[in-house]
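Take a look at the letters that make up each chain.
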Amino acid sequence: MSNLVRFGISLDRGLLEKFDRLIGAKSYGTRSEAFRDLIRQELVEEEWHDAKEIAGAITLIYDHHKRELVNKLLDIQHDFGAIIISAQHIHLDHNNCLELLAVRGAPQKVQRLSENLKAVKGVKHATLSMSTTGKEIT
Ligand code: NI
C-alpha cells in the first residue's frame, strides 16, 4: 500500500501566484514536488542544529606558494581526520589550488573545521555546503 497522503492547503491567492511564478522559474513540474522540496529543505536545516551527523563539502582556494599556509591547512585537516571522508586537490593554475573536502560528522564539528580552515591567513576563499546524510529524509 502506498504511503502517499493527499491534503489541501489554504493559501492567499497572491501568495500562490508568487509561488507558481517561482516554481515555474525553477522548472518544477508540479506544485507537489516544489512543496516536497521546501519541506525537505526545512528538515535538512533542522538537522544542521540537532542531528548527530550531517554530510557536506568544504571548498578552499589558496596560493600553494605560501608554504606556511599549506602546512597549516594540512595540520588542521589531520586534527579533523575523523570527519574528512575524502579530499581532492586540483591545481587551478600556476599559483592557485582548489581543495575539496567531503565531510561527515557532527554539524558543530563540521562548522568548526570549516571556520578553522577559512581563518588561515592566505586562504582566498572558503565555502561550506551543509547537507544531510539522507537517513532521515524520504
Ligand atoms: Ni595545487
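Residues numbered from 1 in each chain as written. Predicted model: local features only at pLDDT ≥ 70, side-chain atom pairs only at ≥ 80, totals over all residues. Heavy atoms only, no water.

**What about the domain arrangement of the protein?**
Moving on, step 1. Assigned domains of the protein: these are domain 1 (13–50) and domain 2 (54–131).
Moving on, step 2. Measuring from the centre of the C-alpha atoms in domain 1 to the corresponding centre in domain 2 gives 31 Å.
Moving on, step 3. If you look at the interface, domain 1 gives four residues, while domain 2 gives five residues.
Moving on, step 4. Taken together, the two surfaces of domain 1 and domain 2 that pack against each other cover about 370 Å², and 58% of this comes from carbon and sulfur.
Moving on, step 5. Contact with domain 2 buries surface across domain 1, with Glu-47, Trp-48 and His-49 losing the most and accounting together for 90% of the total.
Moving on, step 6. Inspection of the region where domain 1 meets domain 2 yields zero salt bridges.
Moving on, step 7. Scanning the region where domain 1 abuts domain 2 turns up one residue pair in polar contact (both at pLDDT 80 or more).
Moving on, step 8. The class makeup of the residues in the side of domain 1 that touches domain 2 is two nonpolar, one polar and one charged. (Domains from an automatic or database assignment. Contact = heavy atoms within 4.5 Å. Buried area = accessible area lost by both parts, 1.4 Å probe. Salt bridge = Lys/Arg side-chain N within 4 Å of Asp/Glu carboxyl O. Polar contact = N/O pair within 3.5 Å; in protein donor to acceptor, adjacent residues only side chain to side chain. Nonpolar A, V, L, I, M, F, W, Y, C, P; charged D, E, K, R; others polar.)

**Structural notes on a negative patch on the surface**
Moving on, step 1. Among the surface-exposed residues, Glu-42, Glu-45, Glu-46 and Asp-50 lie close enough to one another that they form a single negatively charged patch.
Moving on, step 2. With respect to the helices, strands and loops of the structure, Glu-42 is situated in helix α2 (residues 31–50). (Patch = residues over 30% accessible without salt bridge, like charges linked within 9 Å, V, L, I, M, F, W, Y side chains within 5 Å. Areas by Shrake-Rupley, 256 points an atom, 1.4 Å probe, with all protein chains shown as cover. Lys, Arg positive; Asp, Glu negative; His and termini not counted. Charge placed at Lys NZ, Arg CZ, Asp CG, Glu CD. Helix = DSSP H or I, 4+ residues; strand = E, 2+ residues; numbered from the N terminus.)

**Side note on the packing of aromatic side chains**
Any two aromatic rings considered together are summarised by their centre-to-centre distance and by the angle between their planes.
Moving on, step 1. The final tally for this structure, using the stated rule, is one aromatic pair.
Moving on, step 2. Ring geometry for Phe-19 and Phe-35: centres 4.9 Å apart, planes at 35 degrees, overall tilted. Here Phe-19, found in helix α1 (residues 13–25), pairs with Phe-35, found in helix α2; they are 16 residues apart in sequence, far enough to count as distant.
Moving on, step 3. Taking relative accessible area as the criterion, Phe-19 reaches 13% and is therefore assigned buried.
Moving on, step 4. Among the residues examined, Phe-35 registers a relative accessible area of 26% and is labelled partly exposed. (Phe/Tyr/Trp six-rings, centres within 6.5 Å; stacked < 30°, edge-to-face > 60°. Buried < 20%, exposed > 50% of the residue type's maximum accessible area, 1.4 Å probe, protein only.)

**Looking at the coordination of the nickel ion**
For a metal bound by four donors in tetrahedral geometry, the ideal donor-metal-donor angle is 109.5 degrees, whereas six donors in octahedral geometry ideally sit at 90 or 180 degrees.
Moving on, step 1. Ligation of the nickel ion by protein atoms is provided by His-89 (NE2), His-91 (ND1) and Cys-97 (SG), these donors lying 2.1 to 2.4 Å from the ion.
Moving on, step 2. Donor residues for the nickel ion, ordered by position in the chain, follow H-x1-H-x5-C. (Donors = N, O, S within 2.8 Å, 3.2 Å for Na, K, Ca; no water.)

**Things to note about the side chain of Asp-63**
Moving on, step 1. Within the element layout of this structure, Asp-63 appears in strand β1 (residues 54–63).
Moving on, step 2. There is no salt bridge for the buried Asp-63, and the closest opposite charge comes from Lys-124, which lies 5.0 Å off by N-O distance.
Moving on, step 3. In terms of polar contacts, Asp-63 uses its side chain to reach the backbone amide nitrogen of His-65, at 2.9 Å.
Moving on, step 4. In this structure, Asp-63 is in contact with Leu-69, Asn-95, Asn-96, Gly-122 and Lys-124, ignoring residues within four places of it in sequence.

**A word on unusual backbone geometry**
Moving on, step 1. At Ser-27, a residue that is not glycine, the phi angle is positive and equals roughly 65 degrees.
Moving on, step 2. Structurally, the position occupied by Ser-27 is in the loop between α1 and α2.

**Details of the nonpolar core**
For soluble globular proteins, nonpolar side chains are generally found buried alongside one another.
Moving on, step 1. Grouped together as the largest cluster of nonpolar side chains are 21 residues, with contacts concentrated most on Leu-60, Leu-73, Leu-113 and Leu-117.
Moving on, step 2. Listed by contribution, the elements that provide at least two residues to this core are β1, α3 (67–79), β3 (96–105), α4 (107–118) and β4 (123–130).
Moving on, step 3. Beyond its immediate chain neighbours, meaning those up to four positions away, Leu-117 contacts Ile-58, Leu-60, Leu-73, Ile-76, Gln-77, Leu-101 and Val-123. (Core = buried A, V, L, I, M, F, W, Y, C linked by side-chain atoms within 4.5 Å.)

**Thoughts on the packing of α1 against α2**
Moving on, step 1. Packing of α1 against α2 leaves a shortest axis separation of 11 Å and a crossing angle of 90 degrees. For the element pair α1 / α2, the angle class is roughly perpendicular. Contact with α1, carried on its side by Leu-16, Phe-19, Asp-20 and Ile-23, involves Arg-31, Ala-34, Phe-35 and Leu-38 of α2 and no other residues of that element. (Axes fitted to C-alpha atoms, helices over the stretch in contact; angles between N-to-C directions. Parallel < 35°, antiparallel > 145°, perpendicular 65-115°, else oblique.)

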